[in-house]
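What follows is each chain in one-letter form.
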Amino acid sequence: MTAIKNNGTAVAVAEKANEVVTAVVVRTPDNGQRKAVNIASDLIEPSNYNARKTFDADALKELAQSISVHGLIQPITVRRKGEKGEHYEIICGERRFRACRMLKLSEIPCIVREVTDEQAYDLSISENLQREDVPPMEAAEAYKRLIDTKWYNIASLAVAYGKSERHIYQTLKLCDLIKGIANLVKEGKLTASAGIVISKYDKKIQEDILNDRLGKDGAGEWCNISANALEGKIRNCYTNNLDNYSFDKSKCLKCIHNSSNFDLFAENGGCGKCTNKKCLSDKQTAYLVEQAQAVALADPKLVFVGEQYSHDNEATQIIKKGGYEFKNVQTYNLNSYPTAPTAPQASEYKKPEDYDKAQEKYGKEQEKYTKHTAHLEELKEQGKIRVYAKIGDSNVRMYYKEVATKDTKSNEQLISDLTAKKKRNNELADEKTAEGLKELLRTEQIPQSAFTADEETAMYFFMLTKLRRHNYKAVGLKENDYYGYLTDEKKLNIASLLTEEQKTIVRRDYLYSHLTDGTRTVGDEKGGMLLAFSKQHLPEKTEEIVSTHKEEYGKKNARLDERIAGLKEAEKKAKADAKAKKAEQTTKTEKTSKTAEKAIKKEVNATAPKSETTKPKGKEQSKATQSEKKEAKPTPIPTPQADKVLIVGVPKAQPKVEAIAV
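Residues numbered from 1 in each chain as written. Predicted model: local features only at pLDDT ≥ 70, side-chain atom pairs only at ≥ 80, totals over all residues. Heavy atoms only, no water.

Chemist: How do you make sense of the overall build of the protein when you look at a structure like this?
Modeler: Along the backbone of the protein there are 20 helices and 14 strands. In the protein, which comprises 662 residues, the share counted as buried stands at 29%. Working note: accessible area of the protein is about 46,500 Å², and carbon and sulfur atoms make up 51% of it. (Helix = DSSP H or I, 4+ residues; strand = E, 2+ residues; numbered from the N terminus. Buried < 20%, exposed > 50% of the residue type's maximum accessible area, 1.4 Å probe, protein only. Areas by Shrake-Rupley, 256 points an atom, 1.4 Å probe, with all protein chains shown as cover.)

Structure follows, in structure tokens:
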């Protein structure tokens, strides 16, 4: 069956139902349109700048089926490529090209156009954007490519493609999505409108939304809600209303992280909502620190409230590190300082009379506030109340507490207390420094370097603690220094001025102290060093001590050797006697056994019946006798008969050999 449309349009012709489809082109259309030519499919290749990246497999099969029946109604548009123009690059119609390849067409109808790279790029994107089913992410990428060429802006794109500027702008925002959320939009698991809402926020918030709410597989709780509901949830969970903060927000009004500045077409009131949590936190912390420092400077007696079991915010930690005094006090035991009333604004009232009433009310509240604060200031000067300040998350709140008359202190007493605290703070600083240095030296490897003079002085400082009393004079100390007057200051001074001779005395006393401390024998390594030290400095007296003890204990050892030799000889004799007795007993036992065996054989022969058979004569008789003897040897001892009594001798028990003490 052949189907041809003679109107200048390329059609596909199927000669047989199961044959490969080929293309036929009518080259001369009547209406003067561009001519389509058949080009070998192997010479055609897709372009890299095609905006369309996804091709539905089922839709391609349907298109291929349609082409096999009705032909390729619209040829693909190509341009020559290569130095000699031997290849062709697709400008428009890659989907149709893929369908034809599925049908294994050897040639494909094409319209060849002579265009530059820029024109081909523009035609390819325009053709894709004019489709009704263009995916939102592909449209966003196509718009961005056109914007990047510098030929278009949002307004010109809106005119070129018949879209509103708002539509173009919001579609372009999809390009700001992180990869994970962009993939959800491409896969249809998240709507384009939801993607546009999320694209307004920075990458960090997008990551949090993806991980916490959407899920990388698109199965999260926020994937199936409307864009309006999604925007409300994001603002509640991931933004902060700037109207709730008291610091200067003039820079925030123009910040790119202000929700009021996300959308050119958005209509928002107030200061907006901040999406940059780090920046907002830093600004709020700086504001709180400034306020806390101001109230502390205004009142030297002020104490900050610290809660033992709660977490300090960043501003509180900074103030603590600044050295300000904190005291663990529960705020429910304190009275709040009065808060200054807020002046009304005329813009907040529709009627002038309502504004006048608000002004009158404000005046009364301000007068009451002034009187109250003045009274508290008077009590504070008299020492009857103690003022506290608590650094909260939004502001610094003031508290006070009445002080009992007996606890009231004058300024002089307060100065004395504060001076004592200052002294203790210096001590604490030194103690904490010592702890830190010990931990540092314990955990860190000390780099290799030459032993310094300061290190040597420190070494002799500690060695002086082992200096013996009779050597005090040699290093410039007095006799009474031994009784607690040798202070660290004296030791350090002496250690820094020691001569070489004095250093030798100190080192030897230090060595003596460690060699003698806990040493109980000269038989081990430490004792051996003690012996060598003594021989080196006092050889004659050392030798006398060694000889005396060696001779004394040598004689004792000689007597012990004599006793040991006597005991060994007695043991040897006792073993020989025991062996002889054992051999004699064994002989007696064997004789008794043989006597008993003979008696049993005799008894057996006496009771046996006489044989009726004639005994063999001569050699036969001797052979029979020999065989009987052989058979009689292994015969076991028969059990005695009931009327017979068998008496067997039993050897007496061997007497035990007892050792004789020498």
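Chemist: In this structure, what is going on with the sheet that holds strand S13 (residues 385-391)? I would like to understand it.
Modeler: With respect to topology, five strands assemble into an open sheet ordered S11-S10-S13-S14-S12, the strand pairing being mixed. On the outer flanks of this sheet lie strand S11 (326-328) and strand S12 (335-336), each paired with one strand and no other. Examined bridge by bridge, S13 and strand S14 (residues 396-402) share seven bridges and lie antiparallel to one another. Across the sheet, the residue bridging to Tyr 388 is Tyr 399, located in S14. Relative to S13, helix H13 (residues 352-381) is tilted by about 115°, and along the sheet it contacts S13 and S14. (Pairing = 2+ DSSP bridges. Contact = heavy atoms within 4.5 Å. Axes fitted to C-alpha atoms, helices over the stretch in contact; angles between N-to-C directions.)

Chemist: What am I meant to see in the sheet that holds strand S4 (residues 44-45) here?
Modeler: Strand pairing within a sheet occurs via backbone hydrogen bonds; the two strands may be parallel or antiparallel. Pairing within the open sheet is mixed, and its five strands lie in the order S3-S7-S5-S6-S4. Strands with a single pairing partner mark the edges of an open sheet, and in this sheet they are strand S3 (37-40) and S4. Judged from the two bridges that link them, S4 and strand S6 (residues 87-92) form a sheet pairing that is parallel. Bridge pairing in S6 links Ile 44 to Tyr 88. Packed onto the sheet, helix H2 (residues 94-102) meets S4, strand S5 (76-81), S6 and strand S7 (107-112) and runs at close to 125° relative to S6. Against the sheet, helix H3 (residues 117-129) makes contact with S5 and S6, and its axis sits at roughly 45° relative to S6, the strand it touches most.

Chemist: Just checking my understanding: could you explain the packing of helix H1 (residues 57-70) against H2 for this structure?
Modeler: Each pair of packed helices can be summarised by the angle the axes make with each other and by the distance between the axes. The interhelical angle for the contact between H1 and H2, taken along N-to-C directions, is 70°, at an axis separation of 9 Å. Accordingly, the angle class assigned to the pair H1 and H2 is roughly perpendicular. Here H1 contributes Ala 59, Leu 60, Lys 61, Leu 63, Ala 64 and Ile 67 to the contact with H2, which in turn contributes Arg 95, Arg 96, Arg 98, Ala 99, Cys 100 and Met 102. Its residues assigned to classes, the contact of H1 with H2 shows eight nonpolar, no polar and four charged. (Parallel < 35°, antiparallel > 145°, perpendicular 65-115°, else oblique. Nonpolar A, V, L, I, M, F, W, Y, C, P; charged D, E, K, R; others polar.)

Chemist: What's the story with the packing of helix H5 (residues 154-161) against helix H6 (residues 165-173) in this structure? I'm lost.
Modeler: Running from N to C, H5 and H6 cross one another at 115°; their axes reach a closest spacing of 8 Å. When the interaxial angle is binned, H5 and H6 end up roughly perpendicular. Crossing angle aside, the handedness with which H5 passes H6 is right-handed. Contacts between H5 and H6 pair Ile 154, Ala 155, Leu 157 and Ala 158 from the former with Glu 165, Ile 168, Tyr 169 and Leu 172 from the latter. Looking at the contact of H5 with H6, its residues break down into seven nonpolar, no polar and one charged. (Left-handed = near helix turned anticlockwise from the far one by under 90°.)

Chemist: Is there a simple way to think about empty space enclosed by the protein in this case?
Modeler: Over the atoms rolls a probe the size of a water molecule, and its path tells where empty space is left. By the definition in use, this model includes one cavity of 30 Å³ or more. Estimated volume of the largest cavity: approximately 50 Å³. If you go around the largest cavity, the residues you meet are Leu 242, Cys 252, Cys 255, His 257, Asn 258, Cys 274, Asn 276 and Cys 279. Here the lining of the largest cavity is built from residues that sort into five nonpolar, three polar and no charged. (1 Å grid on protein atoms, 1.4 Å probe; cavity = no way out; pocket = protein on both sides within 12 Å on 5 of 7 lines; lining within 4 Å. Points joined across faces, edges and corners; volume = space filled by probe spheres on them.)

Chemist: Help me understand the pattern of salt bridges, please; the structure alone is not making it clear to me.
Modeler: Where charged atoms from two side chains of opposite charge approach closely, those side chains can pair. What the rule picks out here adds up to 31 salt bridges. Of the charged contacts in the structure, one is a salt bridge between Arg 80 and Glu 114, with a shortest N-O distance of 3.8 Å. On the criterion of sequence distance, the pair formed by Arg 80 in strand S5 and Glu 114 in the loop between S7 and H3 is long-range, its members being 34 residues apart. By relative accessible area, Arg 80 is classed as partly exposed at 44%. (Salt bridge = Lys/Arg side-chain N within 4 Å of Asp/Glu carboxyl O.)

Chemist: Would you mind showing me how to read unusual backbone geometry here?
Modeler: Phi angles above zero are rare outside glycine, and Lys 104 is one such case at about 60°. Looking at the secondary structure, you find Lys 104 in the loop between H2 and S7.

Chemist: Honestly, the pairing of S14 in this entry has me stumped. Any pointers?
Modeler: On a regular strand, each side chain points to the face opposite its neighbour's, so the side chains alternate between the two faces of the sheet. Bridge count for S12 against S14 is two bridges, and the pairing is antiparallel. Directly across from Ser 336, in S14, lies its bridge partner Tyr 399. Between S13 and S14, which pair antiparallel one after the other, the connecting turn spans four residues.

Chemist: Can you help me understand the packing of aromatic side chains in this one?
Modeler: Here a ring pair, both rings aromatic, is described through the centre-centre distance and the interplanar angle of the planes. Tallying each qualifying case throughout the model produces eight aromatic pairs. Ring geometry for Phe 304 and Tyr 324: centres 5.9 Å apart, planes at 85°, overall edge-to-face. Taken together, the positions of Phe 304 in strand S10 (residues 303-306) and Tyr 324 in the loop between helix H12 (314-321) and S11 put the pair 20 residues apart, joining distant regions of the chain. Using a relative accessible area of 32% as the deciding quantity, one classes Tyr 324 as partly exposed. Ring geometry for Phe 304 and Phe 326: centres 5.3 Å apart, planes at 25°, overall stacked. Residue Phe 304 is located in strand S10, and its partner Phe 326 is located in strand S11; the two are separated by 22 residues in the primary sequence. Since its relative accessible area comes to 1%, Phe 304 is described here as buried. Here the aromatic residues Phe 304, Tyr 324 and Phe 326 are joined through ring pairs into a cluster of three or more. Here the basic side chain of Lys 249 rests over the ring of Phe 247, its NZ or CZ set 5.8 Å away from the ring centre. If you follow Lys 320 out to its NZ or CZ, it ends over the ring of Phe 326, 5.3 Å from the centre. (Phe/Tyr/Trp six-rings, centres within 6.5 Å; stacked < 30°, edge-to-face > 60°. Lys NZ or Arg CZ within 6 Å of the ring centre and 35° of its normal.)

Chemist: Would you explain the environment of Pro 136 in this entry?
Modeler: Along the chain, Pro 136 falls in helix H4 (residues 136-148). With a relative accessible area of 33%, Pro 136 lands in the partly exposed category. Each C-alpha atom of the pair Pro 136 and Ala 192 lies 6.3 Å from the other, and the pair is 56 residues apart in sequence. Setting aside anything within four residues of it in sequence, one finds Pro 136 in contact with Thr 171, Leu 174 and Ala 192.

Chemist: Just checking my understanding: could you explain H5 for this structure?
Modeler: Helical geometry note: an α-helix holds 3.6 residues per turn, so side chains three or four residues apart project in the same direction. Taken as a whole, H5 has its buried residues at Leu 157, Ala 158 and Tyr 161. Taken end-on, H5 shows its buried residues confined to a sector of 100°, consistent with a single buried face. Looking at the buried positions of H5, the neighbouring elements they touch are H3, H4 and H6. The backbone nitrogen of Ala 155 lies 3.2 Å from a side-chain oxygen of the residue at the head of H5, namely Asn 153. Directly beyond the C-terminal end of H5, a positive phi value near 65° is found at Gly 162. (Arc of directions from axis to C-beta. Polar contact = N/O pair within 3.5 Å; in protein donor to acceptor, adjacent residues only side chain to side chain.)

Chemist: Can you help me understand the confidence of the model for the protein in this one?
Modeler: Atomic detail in the predicted coordinates should be set aside for any region of low pLDDT. Looking at the protein, pLDDT values average 80 and 83% of them are 70 or higher. Under a pLDDT of 50 for its full length, residues 1-32 has, in the predicted model, 57 contacts with residues more than four places off or in other chains. Per-residue pLDDT stays below 50 along residues 611-621; that stretch engages in two contacts with residues further than four places along the chain or on separate chains. (pLDDT = per-residue confidence, 0-100.)

Chemist: Teacher, can you tell me more about the environment of Lys 61 here?
Modeler: Here Lys 61 shows up in helix H1. Residues Lys 61 and Arg 98 lie 37 residues apart in sequence; the distance between their C-alpha atoms is 9.7 Å.

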